[in-house]
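Each chain, letter by letter, is given below.
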Amino acid sequence: MLLAVLFAVAAAASNALGTVLQRRAVVHVPDAHGRGLGLVRDLLRNPAWFVGILGTVFAALFQALALMWGSLATVQPIFILELPLALVIGSAVFRVDVSRKAWGCVICIFAGLAVALFSAAPSGGRPQVPGMWWVPTLVVLGGVGTALVLAGLRRPQGLARAACLAAAAAVGNALTAALVKSSMDILSRQGAVGFFLAWQTYGFAVAGSVSILLLGYAMQGGPLIGSQPALTLGDATVSFLLGVTLYAETPRGGWWSLPALLGAALVVYGVFALSRTRCLAKCVCPEEEDQGEPRHGRPTAEAM
């Protein structure tokens, strides 16, 4: 399990690095907005863009390895660390001053996640999900995701729209992870042929692509405080539930539930509070901050 945790942390860090570097490349392209193919051409010439793409590619690889050796209920919540890691990396890349409150939020997220996972300590589980179990899973998650998308699209641009679309993306991310874990088990037992013949392989490709699309709409649809907590916490929560139900992973109960809940509460506070800080917005959406007016009335009360 330790190896799975290390790979999960590496995936979160790699994805955070990739995201920051890709946005750095966009920021340093003159007149990036609305340039179409011209923007793509300039980005392809930018080393930061290539390194950013490699970061996301390695993140996917590390995630797959983590899910192959670890439980879904443990691995996916670790991806919450991508948010504070994006702040740390982005502050260095964009030379952003990080406030004391933001550092406090980072500490809350790291400490809370460590306490929650150590206390819950999901164990057991099965390497593969019985075939028929996927049917109700796909129906339920598909229905929830569709309802969230419809609810979001019916809302005007703002907090609710961003939150609904990001929550739908989170459901898709959790389903993608569950399918990746199944596919990696098939790869380990049946090799490359079995992997490419398994429907789960193409299922996670579709689910992952839809999730990326929904996340883009969520980021366009409202402020960071609406999309980021819904995405980060939604992915961890749904993945944990899928680990317990689909893969029969069992968290510790009894008095261990109390520190687990306290740790989870600390993570929730840290994510919401960090998502409201201007320094995080400068790290993950610097192109907007450079324009002087955050999109869609992003909260500016904490100019730190």
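Heads up: the structure comes first, above all this text.
Here the structure is a predicted model, which is why all the values come from computation and not from measurement.

A.B. asks: Help me understand the overall build of the protein, please; the structure alone is not making it clear to me.
C.D. replies: Scanning the protein from terminus to terminus reveals 13 helices and two strands. Put simply, the protein has 304 residues, and 51% of those count as buried. Here the contacts in the protein between residues at least 6 apart in sequence split such that 82% fall between residues at least 24 apart.

A.B. asks: I would appreciate a short explanation of the pattern of salt bridges in the present structure.
C.D. replies: Where charged atoms of side chains with opposite charge meet at close range, the side chains can pair. Per the counting criterion, the structure on display carries one salt bridge. A salt bridge links Arg189 to Asp185; the nearest nitrogen and oxygen atoms lie 2.9 Å apart. With Arg189 and Asp185 both in helix α8 (residues 159–197) and four residues apart, this pair spans about one turn of that helix.

A.B. asks: Looking at this structure, how should I read the nonpolar core?
C.D. replies: Across soluble globular proteins, nonpolar side chains have a tendency to be buried as a group. One finds Ile80, Leu87, Trp134, Leu242 and Leu274 to be the most contacted residues of the largest nonpolar core, which totals 58 residues. Counting residues per element, this core draws most heavily on α8, at eight residues. Ignoring anything within four residues of it in the chain, the contact list for Leu274 reads Leu83, Pro84, Leu87, Ala102, Cys105, Val106, Ile109 and Leu280. Counting 10 residues, the second largest nonpolar core, distinct from the first, contains Ala169, Ala170, Leu214 and Leu231.

A.B. asks: Please explain a nonpolar patch on the surface as it appears in this structure.
C.D. replies: On the surface, Leu2, Leu3, Leu6 and Trp69 cluster together into a nonpolar patch covering about 440 Å² of accessible area. Relative to the elements of secondary structure, Leu6 occurs in helix α1 (residues 2–27). Relative accessible area serves as the criterion here: at 52%, Leu6 is assigned to the exposed category.

A.B. asks: Would you mind showing me how to read the packing of helix α5 (residues 82–93) against helix α11 (residues 257–275) here?
C.D. replies: The description of two packed helices rests on the angle between their axes and on the distance between the axes. As a packed pair, α5 and α11 sit with axes 10 Å apart at the nearest point and diverge in direction by 40 degrees. Looking at the two axes, α5 sits oblique to α11. As α5 runs across α11, the sense of the crossing is left-handed. Between α5 and α11, the contacting residues are Leu83, Pro84 and Leu87 on the first element and Val271, Leu274 and Ser275 on the second. Looking at the contact of α5 with α11 residue by residue, the class counts come to five nonpolar, one polar and no charged.

A.B. asks: Just checking my understanding: could you explain the state of the cysteines for this structure?
C.D. replies: Covalent bonding between the sulfur atoms of two cysteines defines a disulfide. According to the stated counting rule, one finds zero disulfides in the structure shown. With no disulfide of its own, Cys108 lies closest to Cys105 among cysteine sulfurs, the gap being 6.2 Å.

A.B. asks: Mind showing me how you'd approach the environment of Ser227 here?
C.D. replies: Mapping Ser227 onto the fold places it in helix α10 (residues 224–245). On the basis of relative accessibility, which here comes to 1%, the residue Ser227 falls in the buried class. Expressed as a C-alpha distance, the spacing of Ser227 and Ala162, which sit 65 residues apart in the sequence, is 4.9 Å. Apart from the residues lying within four places of it in its own chain, the contact partners of Ser227 are Ala162, Ala163, Ala166, Ala218 and Met219.

Parameters at a glance
- Residues numbered from 1 in each chain as written.
- Predicted model: local features only at pLDDT ≥ 70, side-chain atom pairs only at ≥ 80, totals over all residues.
- Heavy atoms only, no water.
- Helix = DSSP H or I, 4+ residues; strand = E, 2+ residues; numbered from the N terminus.
- Buried < 20%, exposed > 50% of the residue type's maximum accessible area, 1.4 Å probe, protein only.
- Contact = heavy atoms within 4.5 Å.
- Salt bridge = Lys/Arg side-chain N within 4 Å of Asp/Glu carboxyl O.
- Core = buried A, V, L, I, M, F, W, Y, C linked by side-chain atoms within 4.5 Å.
- Patch = residues over 30% accessible without salt bridge, like charges linked within 9 Å, V, L, I, M, F, W, Y side chains within 5 Å.
- Areas by Shrake-Rupley, 256 points an atom, 1.4 Å probe, with all protein chains shown as cover.
- Axes fitted to C-alpha atoms, helices over the stretch in contact; angles between N-to-C directions.
- Parallel < 35°, antiparallel > 145°, perpendicular 65-115°, else oblique.
- Left-handed = near helix turned anticlockwise from the far one by under 90°.
- Nonpolar A, V, L, I, M, F, W, Y, C, P; charged D, E, K, R; others polar.
- Disulfide = S-S within 2.5 Å.

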